Amino acid sequence: MKLVIQIPCLNEEETLPVTLRELPKRIEGVDEIAVLVIDDGSTDRTAEVAKEAGARVISFTANQGLSRAFAAGMDEALKMGADIIVNTDADNQYQGASIPDLVKPILEGRADMVIGNRQVETLRHFSWLKKRLQKLGSAVVRKVSGTRVPDATSGFRAFSREAALRLNIVSPFSYTLETIIQAGKKGLAVTHVPVGTNRVERPSRLFRSNWSFIKNQTATILRIYVMYEPLRTFAWLSAVSFFAAFALGVRFIVYYITSPVGSAGAGHVQSVIVMAVLAMLSFLLMVLGVLADLIYNSRRLTEDTLYRIRREELAGRGRPPQ
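Scope of this entry: the structure provided in the associated data block. (Residues numbered from 1 in each chain as written. Predicted model: local features only at pLDDT ≥ 70, side-chain atom pairs only at ≥ 80, totals over all residues. Heavy atoms only, no water.)

Burial within strand E5 (residues 113–117) is extensive, with 5 of its 5 residues counted as buried. Here E5 shows no split at all, with Met 113, Ile 115 and Asn 117 on one side and Val 114 and Gly 116 on the other all buried. (Buried < 20%, exposed > 50% of the residue type's maximum accessible area, 1.4 Å probe, protein only. Helix = DSSP H or I, 4+ residues; strand = E, 2+ residues; numbered from the N terminus.)

Another aspect to go through is helix H10 (residues 269–313). Its 45 residues place the ends of H10 65 Å apart at the C-alpha level, agreeing with the 66 Å of an ideal helix rising 1.5 Å per residue. Every buried residue of H10 is listed here: Ser 271, Leu 278, Ser 282, Leu 285, Gly 289, Ala 292, Tyr 296, Glu 303, Tyr 307 and Arg 310. (Expected span 1.5 Å × (residues − 1).)

Okay, the sheet that holds strand E1 (residues 2–9) next. Judged by pairing direction, the sheet is mixed, and its 7 strands sit side by side in the order E3-E2-E1-E4-E6-E5-E7 without closing on themselves. The open sheet terminates on both sides in strands that have one partner only, identified here as strand E3 (56–60) and strand E7 (190–194). Taken pair by pair, the neighbouring strands of this sheet meet at an average axis angle of 20 degrees, ignoring direction. In terms of strand pairing, strand E4 (residues 84–87) meets strand E6 (residues 157–160) through 4 bridges, oriented antiparallel. Following the sheet pairing, Ile 84 is matched in E6 by Ser 160. Each of E5, E6 and E7 is contacted by helix H7 (residues 176–185), which is oriented at about 135 degrees to E5, the strand it contacts most. (Pairing = 2+ DSSP bridges. Axes fitted to C-alpha atoms, helices over the stretch in contact; angles between N-to-C directions. Contact = heavy atoms within 4.5 Å.)

One way to put it is that helix H5 (residues 128–145) packs onto H7 with a least axis distance of 8 Å and a crossing angle of 25 degrees. In this view, H5 runs roughly parallel relative to H7, as classed from their interaxial angle. In the crossing of H5 with H7, the sense of the turn from one axis to the other is right-handed. In this structure, H5 contributes Val 141, Val 144 and Ser 145 to the contact, and H7 contributes Leu 177, Ile 180, Ile 181, Gly 184 and Lys 185. For the contact of H5 with H7, the per-class residue count stands at 5 nonpolar, 2 polar and 1 charged. (Parallel < 35°, antiparallel > 145°, perpendicular 65-115°, else oblique. Left-handed = near helix turned anticlockwise from the far one by under 90°. Nonpolar A, V, L, I, M, F, W, Y, C, P; charged D, E, K, R; others polar.)

Turning next to the nonpolar core. With 37 residues, the main nonpolar core has Val 4, Leu 36, Ile 85, Val 141, Phe 159 and Ile 180 as its most contacted residues. Secondary structure elements with two or more residues in this core: strand E2 (32–40), helix H3 (66–79), E5, H5, helix H6 (161–166), H7, helix H8 (210–228) and H10. Looking at which element gives the most residues to this core, the answer is H3, with 5 residues. Sequence-distant contacts of Ile 85, defined by excluding residues within four places in its chain, comprise Leu 3, Val 4, Gln 6, Met 74, Ala 77, Leu 78, Arg 157, Ala 158, Phe 159 and Ala 164. Of all hydrophobic cores here, the second largest spans 30 residues; its members include Leu 3, Val 30, Ala 50 and Val 103. (Core = buried A, V, L, I, M, F, W, Y, C linked by side-chain atoms within 4.5 Å.)

This part takes up unusual backbone geometry. Here Asn 11, not a glycine, exhibits a phi torsion of approximately 55 degrees, which is positive. Relative to the elements of secondary structure, Asn 11 occurs in the loop between E1 and helix H1 (16–21). The backbone phi angle of Asn 92 is positive, close to 65 degrees, even though this residue is not glycine. Its location among the elements puts Asn 92 in the loop between E4 and helix H4 (99–107).

Right, let's get into the pairing of E4. Every second residue of E4 is oriented toward a common face, with Ile 84 and Val 86 on one face and Ile 85 and Asn 87 on the other, all of them buried. As judged from the 4 bridges shared by E1 and E4, these two strands associate in the parallel manner. Pairing of Leu 3 across the sheet is with Ile 84, part of E4.

Glancing now at the environment of Ala 163. Within the secondary structure, Ala 163 is located in helix H6. Classification of Ala 163 by relative accessible area gives buried; the value is 0%. Linking Ala 163 and Ile 84, residues 79 residues apart in sequence, is a C-alpha distance of 9.3 Å. Residues contacting Ala 163, with those up to four places away along its chain left out, are Asp 112 and Leu 188.

Moving on, we come to the environment of His 125. Tracing the chain through its elements places His 125 in the loop between E5 and H5. Placed 75 residues apart in sequence, His 125 and Val 200 show a C-alpha to C-alpha distance of 8.3 Å. When neighbours within four sequence positions are excluded, His 125 is seen to be in contact with Asn 198 and Arg 199.

Here the focus is the pattern of salt bridges. Scanning the model with the defined rule gives 13 salt bridges in all. One salt bridge connects Lys 104 with Glu 108, and the closest N-O pair in it is separated by 4.0 Å. With a relative accessible area of 45%, Lys 104 lands in the partly exposed category. Residue class for Glu 108 comes out partly exposed when judged on its relative accessible area of 44%. With its nearest N and O atoms 2.2 Å apart, the salt bridge here joins Arg 132 to Glu 121. Of this pair, Arg 132 sits in helix H5 while Glu 121 sits in the loop between E5 and H5, and the two are 11 residues apart along the sequence. A residue is classified by how much of its surface remains accessible, and Glu 121, at 40% relative accessible area, is partly exposed. Members of the salt-bridge network, linked through shared partners, are Lys 104, Glu 108 and Arg 110. (Salt bridge = Lys/Arg side-chain N within 4 Å of Asp/Glu carboxyl O.)

Taking 1.5 Å of rise per residue, 18 residues should cover 26 Å, and H5 covers 26 Å from first to last C-alpha, within 8% of that figure. Among the residues making up H5, those that are buried are Lys 131, Leu 133, Gln 134, Ser 138, Val 141, Val 144 and Ser 145. Down the axis of H5, the sector holding all buried residues measures 160 degrees, keeping them to one side. H5 presents Trp 128, Leu 136 and Lys 143 as exposed residues on the side facing more than 90 degrees away from its buried surface. One or two residues past the end of H5 sits Gly 146, with phi positive at roughly 75 degrees. (Arc of directions from axis to C-beta.)

The structure is reproduced here in structure tokens:
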């Protein structure tokens, strides 16, 4: 059983040595532990520091963003023969001592993906607003994905080989919400465990403000939900347009019936025009929903094909997925 701990990095020369030092050297049920550092175009000595500590390093010549660094790490970890992949941050936010707890549900065969629950309410360095936003975002992700993850934005997580083969990152912003939604929609077993954290003094490099966080995370949730539930999404939009058109139609009929003789419907032609536009919009949205659903089914076939290709390419590297 091989565990690969991957760490996406961007200019983490100062904190990376501490993070690497705190990683566990032995875990019950794991035969080998390897460390993989993804250098996302750092301009300091991040790559050199990682190599000096004995970690395997892959480097981008320019900054590609967290999602691409994470995806590249997952791909490389699979090539290294990983049976389990743990993702953690280079800023030492997550305690390395919690990794055994993180991988335990996978070792026991109870989960394909395990999220480290930071227990946000107990974090003193999180503001009241940030805690509320984290809880709201996690609640939305639980509803959309059909999972029970209490801390959806936690980057501290473990993946089985099977989960790593099946997940495909699309979002350019962050992998955290997307992987949970994908896992839920693909029927992977997702669970969570409480983990320890350390206080991080420097501001987040992923978003500049709470508004930036809300905007990007909302866009990610909507994009992934529409991708996996296109017909339902467009059907709801079509229904809203249809009932608005229906209401305007009823309004016009009422005025037509109750207006004095000779002036029936006068002055309410606008309602008929808007009703016609909304009815056409409703029809077009439904057509778009059907087309999007056909595209989604095609995408599912493509993802299944990609999964089989990757599985064959990686056969013999680590334990083959069951």
